[in-house]
Number of protein chains: 4
Amino acid sequence: MSDAKTGDSSPGHLHRLVLFSDAVFAIAITLLAIEIHPPHHWHGASDLFNQMGRKLLAYAVSFAVVGVCWFSHRRLFARLAKADSGLDLVNFLLLGLIALLPLGTELLWEDGNQALPIYVGLVALIGVAMGVVWGYAAFVGKLTEPMPVAEAWFIWLRVTLLPGLMCGLSLYSLVHPWGWFLMIALLVGLGWISKRVTAAPPPKTATPKAA
Amino acid sequence: MSDAKTGDSSPGHLHRLVLFSDAVFAIAITLLAIEIHPPHHWHGASDLFNQMGRKLLAYAVSFAVVGVCWFSHRRLFARLAKADSGLDLVNFLLLGLIALLPLGTELLWEDGNQALPIYVGLVALIGVAMGVVWGYAAFVGKLTEPMPVAEAWFIWLRVTLLPGLMCGLSLYSLVHPWGWFLMIALLVGLGWISKRVTAAPPPKTATPKAA
Amino acid sequence: MSDAKTGDSSPGHLHRLVLFSDAVFAIAITLLAIEIHPPHHWHGASDLFNQMGRKLLAYAVSFAVVGVCWFSHRRLFARLAKADSGLDLVNFLLLGLIALLPLGTELLWEDGNQALPIYVGLVALIGVAMGVVWGYAAFVGKLTEPMPVAEAWFIWLRVTLLPGLMCGLSLYSLVHPWGWFLMIALLVGLGWISKRVTAAPPPKTATPKAA
Amino acid sequence: MSDAKTGDSSPGHLHRLVLFSDAVFAIAITLLAIEIHPPHHWHGASDLFNQMGRKLLAYAVSFAVVGVCWFSHRRLFARLAKADSGLDLVNFLLLGLIALLPLGTELLWEDGNQALPIYVGLVALIGVAMGVVWGYAAFVGKLTEPMPVAEAWFIWLRVTLLPGLMCGLSLYSLVHPWGWFLMIALLVGLGWISKRVTAAPPPKTATPKAA
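My aim in this report is to walk through the structure given alongside it, one point at a time. By convention here, each chain's residues receive numbers from 1 onward along its written sequence. Ligands are numbered from 1 and chains lettered from A, in the order in which they are written. Restriction of local features to residues with pLDDT of at least 70 applies here, the model being predicted, together with a cutoff of 80 or more for giving and counting side-chain atom pairs; totals for whole chains, interfaces and linings are based on all residues. Computation of side-chain values covers all heavy atoms of the structure but excludes hydrogens and water.

1. Some words on the pattern of salt bridges
Pairing between side chains of opposite charge can happen when their charged atoms approach one another. Each salt bridge in this description consists of a side-chain nitrogen of Lys or Arg and a carboxyl oxygen of Asp or Glu lying within 4 Å of one another. Using the criterion set out here, one finds 16 salt bridges over all chains in the structure. Across the pair Glu145(A) and Arg79(A) runs a salt bridge whose closest N-O atoms are separated by 3.4 Å. Within this pair, whereas Glu145(A) is found in the loop between α6 (112-140) and α7 (149-175), its partner Arg79(A) is found in the loop between α3 (44-78) and α4 (85-98), the two being separated by 66 residues in sequence. In this pair, the class of Glu145(A) matches that of Arg79(A), namely buried. Ionic pairing is found between Glu151(B) and Arg79(B), a salt bridge with its closest N-O pair at 2.9 Å. Per the convention used, a helix needs a DSSP run of H or I reaching at least four residues, while a strand needs a run of E reaching at least two, with both numbered from the N terminus. Here's how the labels work: a residue is buried when its accessible area is under 20% of the maximum for its type, exposed when over 50%, partly exposed in between, all with a 1.4 Å probe on protein chains only.

If you want it as C-alpha cells, here you go:
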C-alpha cells in the first residue's frame, strides 16, 4: 500500500513501461524503412535492386539489430517482478539510443565506409545501455524475480555483448551471405546455453518471492 | 515455473508479441498515407482527384493488403496458447516485410507498370512469411490450442495464399471497380467456410489443453 | 468454445481491436504535426506565428477532429461486449479514413479555400463510417451489451453526426474564436443529454447479458 | 452499472486512456530523431559530430523533456482510480502540445537563439497542461485514489513546474555539461521528497476507496 502510494511499484507500472518500450521499438523499426525512397529512373526489377541494394541491405542489418534488441529487451523484462523510477530512467536512456537507429541506418547507406565505425559504436552503446538496465534491475533495484547470482551475471553479459556481436555478424553478412545462418545459429545456441544455465542450480533458491 | 525461468513461456510473452505486432501494423498502415502529398497546383476537387487518383488508388490497395494481413495475423494469433523464441523470430521476419509495404506503395504509384510484379511479389512473400509463422506455431513449436490436424493445414493454406489472392483482386479492382465487392465476398465466404471446417469434427479432440 | 474455435469471439479479440485502433489514432494525431516545418527565415516570435499561423490553425482543427473521433470511438467500443470479423472490416475502413486526415490537413493549410469542402467531406465521411461501425455492432452483429433500442439509435445518430458538426464548428472557430467554447459546450451538453437518455428507461431491460 | 452504461467509468476506460497517451508519447519521442538527417559531405567521425552537434544536442534536450513528461504522466495516472470524459478532454489537450515537440525541436536546431524562448514557452505550457490534468482529476472529477489534500497540492505543484524546470536545466546543460548531473540529482531528490511527503500522514485517510 505504501508502495502504491508513491505510484512507483503499482502492478501497472511494469506493464506500462513495457508497453511504452514496445511502441518505441515498433516505431523505430518501421521508420527504418520509411526513409528509403525508390530511385527516380529504373528499368526492370534487377536495375531497381542494383540501385536500391545498398539501402535494402542497410535496412536488413538495422532490422536485425532492432530485432535482437527487442528480443533481449523482452527476455530481460520477462524476468522482472516490478519496476521503479530508476528503471524508468535507465530504460529511457536505452530507448533514446534505439530511436537514433533510423539515423544511423541513413548514415550507413549514404556513406558506408565512413559510417561503419559510428554505426557499430551506436549498436555497442545500445548493448551497454541494455547492460545498465539489467544491472540496475538485478543488482541495484532488486527488481527481478528470485534467481541465482550466477544467472544474473550471465544475463548481464549476454544483454551487454549480444547487440555488438550480432551487429558485427550482420555487417559481416553483407560480404559473406552465410553470416546470416551463423547469426541464427548463435541465437539458437545462446537460447540452448541459457536454458542449461538457468536449469542447472534449481535447489539453490527456494520458492520465496523476495529477492 | 521452469518455463517462466527462461522468460520464454511466461503468460505475458504472447501478449507482448501481439502488442508489438499491432504497433508495427498500425504504423505501417498510417505511413502508407503520409508519403502522399497534395499537388502544388490544382483547380477544384475533380482536378485534385485526377492528379492524385493514382496515389489514392495505390493507398487503397495497400491499405486493403495490410488489412488482410492484420486480419490473418489476428486470427492466427487468436489460436495460439503460448509463444516461444522461435515464434519471436519468424514473426519478426514477417513484420520486416510488412514494414516494407509503404516503400512498395511508393513504387506502385510512381511507376505502376514496372512496379506491379515487384509489389505483388512482396505481398506474396508476406503470405509465405505468414505461412511460416503458422507452420512454426502449429507443427514445430506446438504452440496452438488443441485442434484437428486437418484444420491446422486448412489455416496454413489460408494464411499463405490469402494475401496474394487479395492483392491480385485489389489490383484487378483498379481496372474493374466491382472487384472490391468480389474481395468482400471472398472474405465473407472464407469466414463461412472456415466456420464449417472448424465446426465439423468436434468429437475428435476432447477438452484436454495439451496439443 | 465453438466461438473461440473460429478465433472470432475470444475475449482478446475486442481488446486487440481497440489496441490496434488506438495505435492508428495516436499515429495519425502525431503525424498531423510532423509535416509542419518551420519557415526558413523569420525574425521574432510574432513573425514566426504570422508565417506559421495557417498551419498551426489547420493542426488545431485536425487535432480537434481526431480528438472527437477518438472520443466517439472510445465511447462506442466501451458499449461493445464482443467483436467479430465484420466489426474488424468496418472498423478497418474507418481507420483508413482516419489515416487520410494528415493529408487532408496538408491540403487545408496549402490552399484552404479550395480544400475546405474536400476536408469537410472527409470528416463527414468519417462520421458516416463511425455510424456504419455502430450500426453493424448494434443492429447486425448484436455485439453490444444489452440496451434499449431507443438508446442504440441515439448513439447511432450521435456518432454519425458529431464529427461533421464538430468539424464545422472548428472551422467556424477559425473566424470566430469563441467557436471553441461553443464546441466544448456542445461536448459537455451531449454528455449530459446522453446520461439522461441512458438513465431514463432502466426497467425496460433486466440484467440478462444476451442482447 | 449506471456508470458503465454511459461508457465513462468502465474499468477499461482508464487503461485505454493510458495506452493511447503512451502511443502518442512513443511516437513523439521517436519522431524527434526522424527529422535529423546526416550532412551530405563529411570526413571522419569528428567532422560528422561537428556538423550534427547542434541537432544531436537539440534531440537530447527534447528527449529529456519528453522523458520528464512521460515520467510525470505515468506517476500522475498511477494515482488515478478511474477516468471520465473530462479527463479525456484535458489529457487530449496535453497530448496536442506533446505532439508539437518535434516541431519545437526543429525550430531549436535551425535557429536556436530566436527559438529558445518559444521552445521554453512550449515546454512550460506542457507543464501547465499537466497541472490542468491533475487539477481536474484531483479536485474537479475526484478521480484519484484517496489521499491527503496536502499531497494532492504537492503533486499539482510538481507536475506543473517540473517540465519547465527540467527544460531550463537541459538548456543550461548545453553550455555547462554538468547540468545533466544536476538534472538527475533533481529527479532523485524530488523522488525522495515525494516519498517523505506521501509517507508522512498515513493515519489521516483510512482504507475506504471512496475519495
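2. A look at the nonpolar core
To qualify as a nonpolar core, a set must consist of buried Ala, Val, Leu, Ile, Met, Phe, Trp, Tyr and Cys residues joined through side-chain atoms within 4.5 Å. If you look at the biggest cluster of nonpolar residues, it comprises 271 residues, and the most contacted ones within it are Leu87(A), Leu87(B), Leu87(C) and Leu87(D). A contact between two residues is defined here by any heavy atoms of the two lying within 4.5 Å. Ignoring sequence-local partners within four residues, the contact set of Leu87(B) consists of Leu17(B), Phe77(B), Leu80(B), Lys82(B), Val133(B), Tyr136(B), Ala137(B) and Leu143(B).

3. Thoughts on the relation of the copies chain A and chain B
Least squares is used to superpose the copies, and the fit set is the C-alpha atoms of residues whose pLDDT is at least 70 in both copies. Take chain A, turn it by 90°, move it 0.0 Å along the axis, and it overlays chain B with an RMSD of 0.1 Å. Taken together, the rotation angle and the small translation identify this as a four-fold axis. For chain A, the residue whose C-alpha comes nearest the rotation axis is Ala23(A), separated from it by 4.4 Å. Comparing interface residues between copies, only 10% of those in chain A also lie at the interface in chain B; the contact surfaces differ.

4. Topic: the interface of chain C and chain D
Facing 40 residues of chain C, the contacting portion of chain D comprises 35 residues. Taken over both partners, the interface formed by chain C and chain D buries close to 3300 Å², and the fraction arising from carbon and sulfur atoms is 69%. Among the residues of chain C in contact with chain D, Trp42(C), Trp70(C) and Arg74(C) are the three that bury the most area, contributing 19% of the side total. Put simply, Arg16(D) and Asp22(C) hold a salt bridge, and the shortest N to O gap is 2.8 Å. Under this definition, polar contacts are N or O atom pairs within 3.5 Å; protein pairs additionally need one hydrogen-donor-capable and one acceptor-capable atom, and for neighbouring residues in sequence, both atoms have to be side-chain atoms. In this assembly, chain C and chain D are joined by five residue pairs in polar contact (both at pLDDT 80 or more). Looking at the side of chain C that touches chain D, the elements with two or more residues in it are α2 (11-34), α3 (44-78) and α8 (179-199) of chain C. Residue classes follow a fixed rule: Ala, Val, Leu, Ile, Met, Phe, Trp, Tyr, Cys and Pro count as nonpolar, while Asp, Glu, Lys and Arg count as charged, and any other residue, Gly among them, counts as polar. Looking at side-chain class alone, the side of chain C that touches chain D contains 25 nonpolar, eight polar and seven charged residues. Put simply, buried area is how much 1.4 Å-probe accessible surface two parts lose in total, over both of them, once they are put together.

5. So, the interface of chain A and chain B
Taken together, the contacts link 41 residues of chain A with 35 residues of chain B. Area buried by chain A at its contact with chain B is led by Trp42(A), Trp70(A) and Arg74(A), which between them contribute 19% of it. At the junction of chain A with chain B, the criterion picks out two salt bridges. At the surface where chain A touches chain B, the tally comes to five residue pairs in polar contact (both at pLDDT 80 or more). By residue number, the principal contributor to the side of chain A that touches chain B is α3(A), which donates 16 residues. Here the side of chain A that touches chain B is built from residues that sort into 25 nonpolar, nine polar and seven charged.

6. Thoughts on the packing of α3(C) against helix α4 (residues 85-98) of chain C
Residues and elements named next belong to chain C. Only the contacting stretch of a helix is used when fitting its axis, a line to C-alpha atoms as for every element, and angles between N-to-C directions run 0 to 180 degrees. Relative to each other, α3 and α4 sit at 170°, their axes nearing to 13 Å. On the basis of their axis angle, the class for α3 and α4 is roughly antiparallel. Between α3, through Cys69, His73 and Phe77, and α4, the contact on the second element is made entirely by Leu87, Asn91, Leu94 and Ile98. A breakdown of the residues in the contact of α3 with α4 according to their chemical character gives five nonpolar, two polar and no charged. Here the angle decides the label: under 35 degrees means roughly parallel, over 145 means roughly antiparallel, 65 to 115 means roughly perpendicular, and every other value means oblique.

7. Considerations on the relation of the copies chain C and chain D
Under the fitted operation, chain C is carried onto chain D by 0.0 Å of movement along the axis and a turn of 90°, and the coordinates agree to an RMSD of 0.0 Å. Counting the interface residues of chain C, we find that no more than 10% of their copies in chain D are interface residues as well, pointing to two distinct contact surfaces.

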